[in-house]
Structure formats: C-alpha cells, structure tokens
Amino acid sequence: MEINSQAALTLNQKIIDEANVIMLYLDPQGIISMCNKKIEELIDKKKKELFGKHWLDILCHDSNIAAKQQMFKAVLDNSITYKRANIFEGSIVDFNKKEHIISWNITPMLNETEGLAGILLLGNDVTLLKEREASLKKIDETLMNILSSIKEYALYVINLKGNITYYEMGFEAMFGWKKSEIIFKDVGLLHTKDDTENKLPFALEQVKENGHYQLKLSLVKKDGRVFPVILSVNQFLDSDGNLIGYIFIAKDITEEEKLEYQVFQSEKMAAVGSLAAGLAHEINNPLFVVSGRLEMLLGNKKLNKHLKDSLKIIDGQADRIRTLVDRFLSFTRKTSPNLKNLDVNKIIKNVLPLLLYHKLPSHKIRIARDFAKRLPLIKGDAHQLQEVFINMFINACQEMPKGGTLKIKTDIVENKFVRISINDTGRGIAPENLKNLFMPFFSTKSEGTGLGLSICYNIIKSHDGTIEVESQLGEGTTFIVKLPFAKKGA
Amino acid sequence: MAGKILVVDDEAPVREMINDLLKKENYQVCSVATGEEALESVNKEDFEAVLLDVKLTGMSGLETLKRIKEKRPDTIVIMITGFGYDEELVTKSNELGCSGYIGKNAAISQIISCFKEFIKAAKEKIK
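1. Things to note about the overall build of chain B
For step 1, the next point in the chain: Across its full length, chain B carries five helices and five strands.
For step 2, the next point in the chain: Put simply, chain B runs from its N terminus to its C terminus through helices and strands in the order β-α-β-α-β-α-β-α-β-α.
For step 3, the next point in the chain: When the 127 residues of chain B are sorted by exposure, 43% land in the buried category.
For step 4, the next point in the chain: The contacts of chain B with a sequence gap of at least 6 include a subset with a gap of at least 24, amounting to 58%.

Written as structure tokens, this is what we have:
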C-alpha cells in the first residue's frame, strides 16, 4: 500500500513536471513553494533555486514591478472574492534574453475557514499567439489603410432592413457624411427618391437571385448634389452562408461622363458643321442669283416707285438671309486662329467696355472681377477670343433682366490651363436644355440666331481648350472656359 | 470693250446671271457648265480671265484649275464659291495658281469690284 501510494506520488510529480504548462504554487505572500520542470526549460535556474523567492521578483520581467504587484494583488483579491480563476499577463526573459509573454491563470486555494492557503498559477507561453495576433492586426491595419486610400470608390454595407451598418474607402469624401451622422440610417439617404423606390429594390432582388448586380445610377451627397456612379451590389453572407445584408461599391463617374459628353458633343458638332457647310452652299447659289437679278433690276431707272419699293423690300430680306448664312458659315468656318501669346486678363479687360454698347440693363448689373495675378500666357487669337467673351458676357447679362451680378474669375487649374469662369445670378438653365446649349440654332431666348454659343464652342476647340456649363434653375449659370498655357519658347 | 471672260458654273441661273453682270461691265462672256468644257475652251482660244466655280459636277473646280494652269500657265483664273471664305480651299487654290477667290455670299457690287481688282493685280504680276 505504502509502495503504491509512493508510486502514485511519483507519477503525480511526473505528470506535473511533464505538463506543457508552467505550474507554480505560492504561499499567501506570493513566495514560491512548488513548481514544475517546465520553468527550467525557460529560465536558466533549477527548480530548487526558485523555492522561497517571491514569484514576481524572479518570474516577472517588468520595469515597473510595484505596479505589477498591485495589479497581481487586485486580480488575486477578485479571484478570492468571486471564487474563480482569473487571468494575469506577465513576461519572462529566457536564458537567451528573449522575452516570453505568459498568460497566468490564477486560482486561489482556500482552507476550511475560507482563508487563503495558497495560490496556484498555471502559465501558458502565448508569445507566438501574440506575435500572430500582432501580425494579423498589422495586416488588418494595412488593409484598412489600403481601403481608405481608395478615394474613387465608396464601399457601404446595409443590413436586411436597409440600414447602413458599415462603410469604408472614399465614402466620407464622396458623400460628405460623417460616421456618427450616417451609421444605422436608412440607405435611402444616399439614393434619389426615384431610385429608392424603383431601381434599388430591383437591384436587391437581382442580387438575391444571382449574387451580384451592377447598374448605373445617381447618388446623392449630403448637400443634396446628385452625381452619377457605377454601383456594384453583392450579397453579404454570415459564416453559415445566410444573407444578412448587401455590400455596395460605388464608383463616381462624373469625370468620365463629362469626357464622354465632350466626345459626343464634338462628334455632333462636326456632323452639324458639315451639314451646315453643305446647306449654306446650297442657299448661297440661288441667293447669289436673286441678289444679282435684284441689283440689275434696281439699276433700271425707268422702274416705277411702287415696284422699286417692293424690290427694295425683297432685297432687304435677301440680305437678311445672306447675313444668316454668313453667320452659319462662320460657325463651320475652317479658319485656323491667328495664334499669339496672350494675357487672358487683358483680353477680358478690353472686352468689358464693349458691354456698354449692347442694349443691356447694365446699370442693374454689377460686374465682379476676380482675376488671378501673374496668369501664365495662353496661345490664342485675340479677335476670336474677344468674340467668345463678349458673347458669353452678353448671354450672362441677358439672363439677368432684373439685374444681378456678373462674376468673372480667372485662375489656374491642373497646372496647365487658364480657367475663366463666367457666372451670372440669373434664371438658370433647365437640365434638359443644358445638353443642347452648344448646338447651332438652339436658343432659349426669343431674340438671336442661336449660333453664338456654337461659335464660341468651335473657337475654344480650335484653341485646344474646353468649354463647360454648370447651371441650377433659379440660381444662375456658370460657363467655364479652359485654355492651355502657351508652351515656353513657342 | 474689256476682254473676254470664260464663266464656268454648273448651275444655269448662276451662269446666266454672271453673264449679264459681266456684260453690263462691258466684258465679252463665254460660259460653260463643266470643267471638261472649260479645258476645251481654254485650249481653243485666249481669255482675259476664267471665273471658275469650286463645286462643279464631274471634274472639280480645283482639278480644272490645276489642268488649266498645266496647259496655259498664263491664264488668269479666279475661283468663285458658295462656301464663303474657307481657309483650306483658299490655300489649295493659291497653291494651284489661282489669282483670286470670291465668295458668292458677298454683295454683288463687291463681287464685281473684287473680280476687276484680281485681274488687274494678276496682269501686273505677269508683266
């Protein structure tokens, strides 16, 4: 029996020594009274050398040992009070001076009177785990950095109720919403009313069935501005594969649409141009005959007064047609600009006094100039550019029959263009009219031929520049002309 | 009496009108409808000038100009067109040796005075 119990003790000690965990038994003051062999593998000390030492002095590598002691006491007290094991984290430096992070499981051992008899500490080396955790955290942070640096795209996730639960990438920059303002709000805030009722439910149905759906629509910024996007919608699944929401990735395509529009506009203008040239030629030939014959008739001195007056009226009307055709031809003209290095500010300053010669309610219109100083020179034809600016200034003034402000601003954009912004505080242009604005014969005014802006468009294009318009009904219109810098030495 | 002018235009009313206008200015006028006929006429007789339309049926005005200048380099040719002022056309016509370029969209009096001026300048150049 004696032998058996001795054998059992030896076995117990063997099990304790071989356990893949550091085992310490401390007296109530924290002095080590027992430990297993595992500790010998870590530090360059034999088990016996540890007995009688305070465990924190030997087995805790920390610069602020007093704080560690306090923390240990608090953890221990909590364990005693609630009669449960607690976790305490410390570190041990091994004989290679390598630091190991140990997660200590602290179990208070109580005597019959519920007093503290000793403390059992089971330590797990979690260094590798911590390193992995840190590297995962780093990967996570890197991923987040990558995601948040992709500004052209916005990612947002909604739950099945349609509430926004998460967003990333260029979301804040694209929409202007802050996290606290938008999280858990209805996704309808980001979409137009019409899309929320029609396109969006249809898209979500498609995603439910096919897993993915892509569509082109408009989204809404916090300030109410609407912009075009390509929206990619995917299922958001939990680990069991159940649908718990939808992931949206939006790509702002405002610039692409602008470019597409410019190409379309340019092709359309070229087609209209060749049509106009042909038409003008066909009108000019018979008109030439009509005018010639009229002139010959009018030269006849025997003609009675009534007949002469009638012929003069016909001549006047023929002249009117000729002027119109001339104007039309100037729209299609293939005259290359007479290019010289020019200061845009100077051209505008020269043009402004001409406004007074036109029948404008100038006295009710304030002209606000905001000219950039030391504007780079552009290469252009002064006469043609003057024609553009006078045309645009008159247009702007005509938009403000009751008065307002004509704001003319020049600055530099993209480090290669001089930008001229001409803004009026007038009626604004309806969205359906905006796309036709540069088309010949398109006019929203009762007066004029509707050729002015199409001529401006052609002139700016022949200067390798661009002309764009932004308008809001009731708030006014801004024309933006961009002209490239003159090349140095050119 | 001023010299003889060859008018080349494929539209009869235009041809007739130019005939009448030039006759009023004391020119003798001969008119044809195509480039081919114009070449034939230029080969047969001398003209003070040829008033040649740019857009012709069949051989184009520019091609006719080129061939006239190849055969009779001293012939004064003035181009006339309903296209108005077109830099590309003007440059091409000048390269081929035309002595002037008139748009049908100008006033009649202006067309006649330009025509006379061009002939005068071309004659001085030949001298």
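2. A short note on the interface of chain A and chain B
For step 1, the next point in the chain: On the chain B side, the residues contacting the 20 residues of chain A number 18 residues.
For step 2, the next point in the chain: Among the secondary structure elements, those contributing two or more residues to the side of chain A that touches chain B are helix H11 (254-298) and helix H12 (305-332) of chain A.
For step 3, the next point in the chain: When residues in the side of chain A that touches chain B are grouped by element, the largest group, twelve residues, is from H11(A).
For step 4, the next point in the chain: Considered class by class, the residues forming the side of chain A that touches chain B number seven nonpolar, seven polar and six charged.

3. A few points about the pairing of strand S7 (residues 164-169) of chain A
Residue and element names in this part refer to chain A.
For step 1, the next point in the chain: In this sheet, S7 lies alongside strand S6 (residues 153-159) in antiparallel orientation, the contact comprising five bridges. Of the residues in S7, the one forming a bridge with tyrosine 156 is tyrosine 167.
For step 2, the next point in the chain: What sits between S6 and S7 in their antiparallel hairpin is a turn of four residues, with glycine 162 showing a positive phi close to 90 degrees.

4. Description of the environment of A:Gly90
For step 1, the next point in the chain: Residue position: A:Gly90 is located in strand S3 (residues 86-93).
For step 2, the next point in the chain: Overall, A:Gly90 belongs to the buried group, with 20 C-beta atoms counted inside 10 Å.

5. Overview of the sheet that holds strand S2 (residues 28-32) of chain B
Residue and element names in this part refer to chain B.
For step 1, the next point in the chain: On the basis of which strands lie adjacent, the open sheet formed by five strands has the order S2-S1-S3-S4-S5 and parallel pairing. At either margin of the open sheet sits one strand with a lone partner, and together these are S2 and strand S5 (100-103). Direction aside, the axes of adjacent strands within the sheet are offset by 20 degrees on average.
For step 2, the next point in the chain: Across the sheet, helix H2 (residues 35-44) lies against strand S1 (4-8), S2 and strand S3 (49-53), angled at about 160 degrees from S1, the strand it touches most.

6. Digging into the packing of H11(A) against helix H1 (residues 12-24) of chain B
For step 1, the next point in the chain: The geometry of H11(A) relative to H1(B) is characterised by a closest axis approach of 9 Å and an angle of 35 degrees between their N-to-C directions. Viewed along their axes, H11(A) and H1(B) form a crossing whose handedness is left-handed. Across the interface between the two elements, A:Asn285, A:Phe288, A:Val289, A:Gly292, A:Arg293 and A:Met296 of H11(A) pack against B:Pro13, B:Val14, B:Met17, B:Asp20, B:Leu21 and B:Lys24 of H1(B).
For step 2, the next point in the chain: When grouped by side-chain class, the residues that make up the contact of H11(A) with H1(B) number seven nonpolar, two polar and three charged.

7. Side note on the nonpolar core
For step 1, the next point in the chain: Within the largest apolar cluster, 77 residues are counted, with the highest numbers of intra-cluster contacts made by A:Cys456, B:Val8, B:Val50, B:Leu51, B:Leu52, B:Val77 and B:Ile78.
For step 2, the next point in the chain: Residues from two domains meet in this core; each of domain 3 (257-332) and domain 4 (340-484) of chain A gives at least three.
For step 3, the next point in the chain: Beyond its immediate chain neighbours, meaning those up to four positions away, B:Leu52 contacts B:Val8, B:Ala38, B:Gly61, B:Thr64, B:Leu65, B:Val77, B:Ile78, B:Met79 and B:Ile80.
For step 4, the next point in the chain: Core analysis: the second largest hydrophobic core is formed by 22 residues, A:Ala154, A:Met169, A:Leu190 and A:Leu219 among them.

8. Considerations on the sheet that holds strand S14 (residues 404-413) of chain A
All names here are of chain A.
For step 1, the next point in the chain: Across the sheet, five strands lie side by side as S12-S14-S15-S17-S16; this open sheet has mixed pairing. If you trace the sheet from one side to the other, it starts and ends with strand S12 (365-371) and strand S16 (466-472), each paired once. Along the sheet, successive strands turn relative to each other by an average axial angle of 15 degrees, direction set aside.
For step 2, the next point in the chain: Relative to strand S15 (residues 417-424), S14 is paired through eight bridges, and the arrangement is antiparallel. Within the sheet, the bridge partner assigned to isoleucine 408 lies in S15 and is isoleucine 422.
For step 3, the next point in the chain: Sheet contacts for helix H13 (residues 344-351): S12, S14, S15 and strand S17 (476-484); angle to S14, the most-contacted strand, approximately 160 degrees.
For step 4, the next point in the chain: Relative to the sheet, helix H14 (residues 382-398) contacts S12, S14, S15 and S17, its axis offset from that of S15 by approximately 25 degrees.

9. A few points about helix H6 (residues 127-149) of chain A
For step 1, the next point in the chain: Helix length check: H6(A), at 23 residues, gives a terminal C-alpha distance of 32 Å against a target of 33 Å (1.5 Å per residue), a fit within 8%.
For step 2, the next point in the chain: Summarising burial for H6(A): zero of the 23 residues are buried, a small minority.

10. Side note on the confidence of the model for chain B
For step 1, the next point in the chain: Residues with a pLDDT of 70 or more make up 98% of chain B, whose mean pLDDT is 90.
For step 2, the next point in the chain: Among the scores for the predicted complex, ipTM is 0.86 and pTM is 0.48.

11. Some points on the confidence of the model for chain A
For step 1, the next point in the chain: With 93% of its residues at a pLDDT of 70 or more, chain A shows a mean pLDDT of 84.
For step 2, the next point in the chain: Across chain A, element-level confidence peaks in S15(A) with a mean pLDDT of 95 and bottoms out in helix H1 (residues 2-18) of chain A with 74.

12. Details of the pairing of S3(B)
Residue and element names in this part refer to chain B.
For step 1, the next point in the chain: Among the five residues in S3, five count as buried, and that is most of the element.
For step 2, the next point in the chain: Burial along S3 is two-sided: the residues Ala49, Leu51 and Asp53 and Val50 and Leu52 are all buried.
For step 3, the next point in the chain: Examined bridge by bridge, S1 and S3 share four bridges and lie parallel to one another. Looking at the pairing, leucine 6 lines up with valine 50 of S3.
For step 4, the next point in the chain: Bridge count for S3 against strand S4 (residues 77-81) is four bridges, and the pairing is parallel.

13. Remarks on unusual backbone geometry
Residues and elements named next belong to chain A.
For step 1, the next point in the chain: Within the chain, glutamate 414 stands out as a residue other than glycine whose phi angle is a positive 55 degrees.
For step 2, the next point in the chain: Along the chain, glutamate 414 falls in the loop between S14 and S15.
For step 3, the next point in the chain: Of the residues examined, glutamate 414 has 8 C-beta atoms within 10 Å and is grouped as exposed.
For step 4, the next point in the chain: You will see that asparagine 415, though not glycine, has its phi angle at about 60 degrees, which is positive.
For step 5, the next point in the chain: Relative to the helices and strands, asparagine 415 resides in the loop between S14 and S15.
For step 6, the next point in the chain: Of the residues examined, asparagine 415 has 7 C-beta atoms within 10 Å and is grouped as exposed.

14. Some remarks on the packing of H2(B) against helix H3 (residues 61-71) of chain B
Residue and element names in this part refer to chain B.
For step 1, the next point in the chain: Look at H2 against H3: their axes get within 9 Å of each other, and the N-to-C directions meet at 20 degrees. With respect to H3, the axis of H2 lies roughly parallel. Here H2 and H3 pass one another in a crossing that is right-handed. Counting all contacts with H2, which are made through Gly35, Ala38, Leu39, Val42 and Asn43, the residues of H3 involved are Gly61, Glu63, Thr64, Arg67, Ile68 and Lys71.

So, how was this worked out
Residues numbered from 1 in each chain as written. Chains lettered and ligands numbered in written order. Predicted model: local features only at pLDDT ≥ 70, side-chain atom pairs only at ≥ 80, totals over all residues. Helix = DSSP H or I, 4+ residues; strand = E, 2+ residues; numbered from the N terminus. Buried ≥ 20, exposed ≤ 12 C-beta atoms within 10 Å, placed from the backbone. Contact = placed C-beta atoms within 7 Å. Nonpolar A, V, L, I, M, F, W, Y, C, P; charged D, E, K, R; others polar. Pairing = 2+ DSSP bridges. Axes fitted to C-alpha atoms, helices over the stretch in contact; angles between N-to-C directions. Left-handed = near helix turned anticlockwise from the far one by under 90°. Core = buried A, V, L, I, M, F, W, Y, C linked by C-beta atoms within 7 Å. Domains from an automatic or database assignment. Expected span 1.5 Å × (residues − 1). pLDDT = per-residue confidence, 0-100. Parallel < 35°, antiparallel > 145°, perpendicular 65-115°, else oblique.

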